[in-house]
Amino acid sequence: MATIDQDTRTLKNYINGKWVDANTEEYLDVTNPATGKAIASVPISSSRDVDQAVETAKKAYKSWSKTPVPKRARILFKYQQLLTDNHEQLAELVTLENGKSYKEAYGEVLRGIECVEFAAGAPSLMMGETLSTIATDIDSQMFRFPLGVVTGIAPFNFPMMVPCWMFPLAIACGNTFVLKPSEQTPMLANKLAELFTEAGLPEGVFNVVHGAHDVVNGFLGHEDIKAISFVGSEPVAKYVYEQAAANGKRVQALAGAKNHHIVMPDADEEVSIQNIISSSFGSAGQRCMACSAVVVVGDGDDFVQQLKEKVDEVKMGPGMDESVLLTPVIREANCANAMKYIELGIEEGATLIRDGREDRNGEEEDGYFLGATIFDHVTPSMSIAKDEIFAPVLSILRADNLDEALEIINKSRFGNSATLYTRDAKAVRQFREEAEPGMLGVNVGVPAPMAFFPFSGSKNSFFGDLHANGKDGVQFYTRKKMITSRF
Ligand code: NAD
């Protein structure tokens, strides 16, 4: 663990509208990935902290669930304005703790604000359905009600956007919420809580408990928690899904990914290269929608050469430098994991055409940087083709035609997203009908849906049935009640 500077901030939990010390002796350094220096210290809270937060949220639920829906929505409108007023500050904080470029961070904050805007539509979103005369003089009505105390568990890679997929909508629907941010990027969540209170949210409706496994396990076993939203890696998502479901909770668990981009021979070369570079190497390849495998259809030698030349021009550095695309990965251990995969790729016989290890100059203290790495002639059975590396390491596979390319992408156990670069409408239709991933792009590098649509990963990229965001999100955070009345 790195030494904590004297002026390092020790984070607190946010419970019942107050900053409180966690019931723990264990703290972890939060480091700036661009410098390797400690910027804060985060408590690794215990299940006692979970109990405290849930009890508070349970009490707050009594009045919050009965607060008129338009009144709840009005607080969301105010929150939207405060987040917008603080857009730059929030983006700087994302860059500081996550390492991504300020431009990416600014975009991420906007994505978060869009979730608040969607949630502010609660009065229409929560409307039920009615049918007159289902039998003589008998009508049926369906109402939506909140669930109770619900929780969210977030990953490090989107400290703003991912929590915003969860708590604004859950709260707008009348639930109370306990968030566990990633222990690697915990600072932004405190700002989100602070601003929500400033917007007029009553005490105890939104709580933040920092920590790691113990908090998650505390959620999984807590009888007063009705639903859990999880976003993170595949093994943890599967664990959370299974445990939460076994304990009778509603659960949506969004997981890891291996996203393929298919380049057809008729694709616009400039558009596809530009999109692949920004998708693969932006945010250091640490997006769940990042392109980590390209499938080139036909004789792709010239395309691969052009791509490699453009990647050579990509600048690596800290996120506050405007000219930088490739920023650091989150921790040195993530660099080490990616370098292990680079070794594995070489051993398995792929052709390493760009070795990002050569761009690493300096020690861990100088930040967790790894240069853009590209393997060509990767085959589907290789580990670098199958596993999520979550770093700037790109695999290129070759296919003779679209059928073969689709077969490659559908073999993946993941199903988050895929993109097709082409001008051919028939190819687009075949891609739409036959590709298994749940989010598809056509000539778009990061086909992430906006907040009013579901974030609809499939296969091992998602465990559950109701996705985050959109109408699915509303259904996830509400239960239905049917009334049948004779008049
Ligand atoms: P992670 O799984 O390591 O951590 C996610 C959360 O789970 C954190 O809050 C962490 O504290 C907790 N956690 C980790 N290990 C745990 C364990 N053994 N028991 C209980 N809790 C545990 O993920 P990460 O490294 O923070 O984030 C990157 C991953 O998230 C990638 O796999 C990425 O694809 C995925 N992700 C997916 C989506 C999506 O929409 N599908 C979006 C963003 C990120």
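Just so you know, these numbers come straight off a predicted model, no measurement behind them.

Attention now moves to the overall build of the chain. On a plain count of helices and strands, the chain comes out with 16 helices and 23 strands. A compact globule built from 487 residues would reach a C-alpha radius of gyration of about 23 Å, and the chain, at 23 Å, matches this within 12%. On the principal axes, the C-alpha backbone points of the chain span a range of 75 × 70 × 40 Å. Within the chain, buried positions represent 53% of all 487 residues. A separation of at least 24 residues holds for 71% of the contacts in the chain among residues at least 6 apart in sequence.

Should pLDDT be low for a region, the predicted coordinates there are not to be read in detail. Residue-level pLDDT values for the chain average 96, and 97% of them are 70 or greater. Here strand 1 (residues 9–10) stands out as the element of the chain with the lowest mean pLDDT, 93, in contrast to strand 9 (residues 176–180), whose mean of 99 is the highest. Note that pLDDT drops below 50 for residues 1–6; the model gives that stretch nine contacts with residues more than four away or on any other chain. Predicted as a complex, the structure gets a pTM of 0.97 and an ipTM equal to 0.99.

With mixed pairing, three strands are arranged side by side in an open sheet as 1-5-4. Each of the sheet's edge strands pairs with one partner strand only, and the pair in question is strand 1 and strand 4 (27–32). Bridge count between strand 4 and strand 5 (residues 37–43): six bridges; the pairing is antiparallel. By the bridge assignment for strand 5, Asn32 is matched with Lys37.

With that settled, consider the sheet that holds strand 20 (residues 439–442). Spatially, the seven strands line up as an open sheet ordered 15-16-17-14-13-19-20, and their pairing is mixed. Only two strands of the sheet have a single partner each, and these edge strands are strand 15 (351–354) and strand 20. Averaged over all neighbouring strand pairs, the angle between strand axes comes to 20°, with direction disregarded. Where strand 16 (residues 373–376) meets strand 17 (residues 393–399), three bridges bridge the pair, whose relative direction is parallel. Opposite Phe375, over in strand 17, you have Ser395 as the bridge partner. Against the sheet, helix 10 (residues 269–281) contacts strand 13 (259–263), strand 14 (291–297), strand 17 and strand 19 (417–421), and its axis sits at roughly 155° relative to strand 14. Set on the sheet, helix 14 (residues 402–411) makes contact with strand 13, strand 14, strand 17 and strand 19; between it and strand 14 the angle comes to about 160°.

Looking now at the site of the ligand. Neighbouring the ligand are 28 residues; Pro155, Gly232, Ser233, Gly256 and Cys288 lie closest to it. The residue inventory of the shell around the ligand, partitioned by class, reads 16 nonpolar, nine polar and three charged.

What follows concerns the UniProt feature "active site" (unreviewed entry) in the chain. Per the UniProt record, the feature "active site" (unreviewed entry) sits at Cys288. By secondary structure assignment, the location of Cys288 is in the loop between helix 10 and strand 14. Its 27 C-beta neighbours within 10 Å are what place Cys288 among the buried residues. When residues no more than four places from it in sequence are discounted, the contact partners of Cys288 are Ala257 and Asn416.

Rules used in this analysis
Residues numbered from 1 in each chain as written. Predicted model: local features only at pLDDT ≥ 70, side-chain atom pairs only at ≥ 80, totals over all residues. Helix = DSSP H or I, 4+ residues; strand = E, 2+ residues; numbered from the N terminus. Rg over C-alpha atoms; globule rule 2.2 N^0.38 Å. Buried ≥ 20, exposed ≤ 12 C-beta atoms within 10 Å, placed from the backbone. Contact = placed C-beta atoms within 7 Å. pLDDT = per-residue confidence, 0-100. Pairing = 2+ DSSP bridges. Axes fitted to C-alpha atoms, helices over the stretch in contact; angles between N-to-C directions. Near = placed C-beta within 6 Å. Nonpolar A, V, L, I, M, F, W, Y, C, P; charged D, E, K, R; others polar. UniProt positions renumbered as here; feature names shortened; annotations may be inferred.

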